[in-house]
Amino acid sequence: MTSAGANPTVTTAPRERGWRWLVLALVAGTAVSSVALWPASLALLAVVVRLALPVHPFSWLVLAGVAGCAVAGWARGGSFVSAALAVLVLCMVLWRAAGFTAVSTTALFPFSIGWVLLVAATFGWLSVASGNRAFLGRALAAVLIAGTLTLLVLAFRSDGGSSGVAQMSQVFDQELDRRRGVALAQWDERRAAPSWTAMDVRFPSVVRSADAVARWMETVPTPTVLVPALLLIESLAALAMAWALWHRLARFRLGPPLSPLSEFRFNDQLVWGLVAGATLVLLPTLSAWRGVGVNLLLLFGALYALRGVGVLLWWLPDRWAWLPLLLLLVCIPLLGPVQVLATVAVLAFGVGLGDTWRDFRRTARPLRPDVRP
């Protein structure tokens, strides 16, 4: 990679190379953004997507991240045209969404717009102020600052004797229940189709497993308490995609490029986030803070799970890296999305947390020199 030049303010570099994984991520982002168009056969997986992404569509956050990068690049001496174009595209998309009845009439729509703009502004400002620091630090700081500002605004807002936090929690609870209801209604259509009856004859175990997952999804509580962590995780994923996309489309570099997922790691001191979350959850005297602890566990647990995925990919040669994706595509319809995703998450988290002390990739290099050059 080309390093920074003599001028620390204006930095140009050749465009990033390697579109394979970015294109795959963009396809996945487009798919989850268009979850309403999924066929009924994928309705159970759609339930997971609808509940795991508080801000919908996901593409709004990606466009917001690109706009933040473009404005930061302009502020540091880059192209004004790129910044103006990125901001214009974001405004046009949000304006069009405001006129789309099915989206703009939901109670969560104003919050989603505000969050998207706040994340874009915070990330852009930190990209200007933080120089050439790595992406993860500035992105994590951006979403935490945005989350803190949002909580402060809601805390000082009250209506009818109810705090803004309680009102927003109720809005999320109603919206997530609505999303789940829509997806499960699609699943009922799937079950009523003749093709499902034929599958019941040929693969009764698959049908029973799917019905059991559907019944569980109907009764499981709405994960409203997890919304803060889910919102931060979704925003981090969107900013990472925006960062990678910006550095492939523009020559102005805001910082070091994203490392391959197989090399993903971060400061080991973040393990204290897990420790704090576990302490708040397990100690009875801190039961009032249990919701905060659960969100800390989910946020930092997701980071360590991603680190574990990086370790697992490190052990695989590049030519076999597609095998895990194929295995997931086969197992999800057979075993159900909840069981498969939960198993993968637990395995990846355990490997990622163990990597904090063991540093698997350092010891794997001499044993498997063919894995990475």
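None of the values given here were measured: they were computed from a predicted structure.

Within the structure shown, the criterion is met by seven salt bridges. Where R179 meets E175, a salt bridge forms, and the shortest distance between an N and an O atom there is 3.0 Å. Taken together, the residues span about one helical turn, with R179 and E175 both in helix 8 (residues 164-192) at a distance of four residues. The shortest N-O distance in the salt bridge between D268 and R307 comes to 3.0 Å. Residue D268 is found in the loop between helix 11 (227-249) and helix 12 (271-282), and its partner R307 is found in helix 13 (residues 290-315); the two are separated by 39 residues along the sequence. Relative accessible area serves as the criterion here: at 30%, D268 is assigned to the partly exposed category. A relative accessible area of 1% means that R307 is categorised as buried. Overlapping salt bridges bring together E175, R178 and R179 as one network.

With that settled, consider the side chain of R50. Tracing the sequence through the fold places R50 in helix 2 (residues 43-52). Despite being buried, R50 has no salt bridge partner; E175 is the closest side chain of opposite charge, sitting 7.0 Å away. Apart from residues lying up to four places away in sequence, R50 is in contact with V35, A36, L176, R179, V182, A183 and Q186.

The next thing to look at is the confidence of the model for the protein. When pLDDT is averaged along the protein, the result is 83, and 87% of the positions lie at 70 or above. Considering only residues more than four positions removed or in separate chains, one finds that residues 365-373, a stretch of pLDDT under 50, has 16 contacts.

This next bit is on helix 11. The end-to-end C-alpha distance of helix 11 is 32 Å, a good match for the 33 Å that 23 residues give at a rise of 1.5 Å each. Burial runs high along helix 11: 18 of the 23 residues are buried.

Among the surface-exposed residues, V71, W74, F80, V81 and V87 lie close enough to one another that they form a single nonpolar patch of about 460 Å² accessible area. Take the nonpolar patch: its biggest share by element is three residues, from helix 4 (residues 80-98). Its location among the elements puts V87 in helix 4.

This brings us to the packing of helix 8 against helix 10 (residues 204-219). In contact at an axis separation of 11 Å, helix 8 and helix 10 are set at 155° when each is read in the N-to-C sense. Taken together, helix 8 and helix 10 sit at an angle that is classed as roughly antiparallel. The element helix 8 and its partner helix 10 pack so that their crossing is left-handed. Here R180, L184, W187 and R191 of helix 8 lie close against helix 10, whose contacting residues are A210, D211, A214, M217 and E218. Across the contact of helix 8 with helix 10, the residue classes tally to five nonpolar, no polar and four charged.

One finds L44, W115, V116 and F123 to be the most contacted residues of the largest nonpolar core, which totals 82 residues. Among the elements that take part in this core, helix 11 stands out by supplying 13 residues, more than any other. Beyond its immediate stretch of four places on either side in the chain, V116 contacts V55, W60, L61, A64, L90 and L94.

In this section: the packing of aromatic side chains. As enumerated under the stated definition, the model contains 11 aromatic pairs in all. Plain terms: the ring middles of F123 and W243 are 6.1 Å apart, the flat faces sit at 75° to each other, and that makes the pair edge-to-face. Here F123 is found in helix 6 (residues 109-129), whereas its partner W243 is found in helix 11, with 120 residues between them in sequence. The pair formed by F123 and W243 is uniform in burial state, with each residue classed as buried.

Basis of the calculations
Every chain is numbered independently, its residues counted from 1 as its sequence is written. Totals for whole chains, interfaces and linings use all residues, but because this is a predicted model, local features are given only for residues with pLDDT of at least 70 and pairs of side-chain atoms are given and counted only at 80 or more. Here the side-chain values reflect all heavy atoms present in the structure, with hydrogen atoms and water set aside. The salt bridge definition used is simple: a Lys or Arg side-chain nitrogen within 4 Å of an Asp or Glu carboxyl oxygen. Here a helix means four or more residues in a row that DSSP labels H or I, a strand means two or more in a row labelled E, and each is numbered from the N terminus. Partly exposed describes any residue whose relative accessible area lies between the buried limit of under 20% and the exposed limit of over 50%, with all areas from a 1.4 Å probe on protein chains only and scaled to the type maximum. Think of it this way: Lys and Arg go in the positive column, Asp and Glu in the negative one, and His and the chain ends go nowhere. Contact definition: two residues touch when any of their heavy atoms are within 4.5 Å. Each residue carries a pLDDT score, the predictor's own confidence in it, on a scale running from 0 to 100. Residue count minus one, scaled by 1.5 Å, sets the expected span of a helix. Nonpolar side chains (Val, Leu, Ile, Met, Phe, Trp, Tyr) within 5 Å and like charges within 9 Å form the patches, drawn only from residues with over 30% relative accessible area and no salt bridge. Working definition of accessibility: Shrake-Rupley area with a 1.4 Å probe, residue cover restricted to the visible protein chains. Every axis corresponds to a line fitted to the C-alpha atoms, with the helix fit spanning only the stretch in contact, and the corresponding angles, defined between N-to-C directions, vary from 0 to 180 degrees. Oblique is the label for any angle not under 35 degrees, not over 145, and not in the 65 to 115 range, which are roughly parallel, roughly antiparallel and roughly perpendicular in turn. If you view the pair so one helix is near and one far, a crossing is left-handed when the near helix is turned anticlockwise from the far one by less than a right angle, and right-handed when it is turned clockwise. Only Asp, Glu, Lys and Arg are considered charged in this grouping, and only Ala, Val, Leu, Ile, Met, Phe, Trp, Tyr, Cys and Pro are considered nonpolar; every other residue, Gly among them, is considered polar. In plain words, nonpolar cores are sets of buried Ala, Val, Leu, Ile, Met, Phe, Trp, Tyr and Cys residues tied together by side-chain atoms within 4.5 Å. Within 6.5 Å between ring centres, the rings of Phe, Tyr and Trp (the latter by its six-membered ring) count as paired, and their orientation is classed by plane angle as stacked under 30 degrees, edge-to-face over 60, tilted in between.

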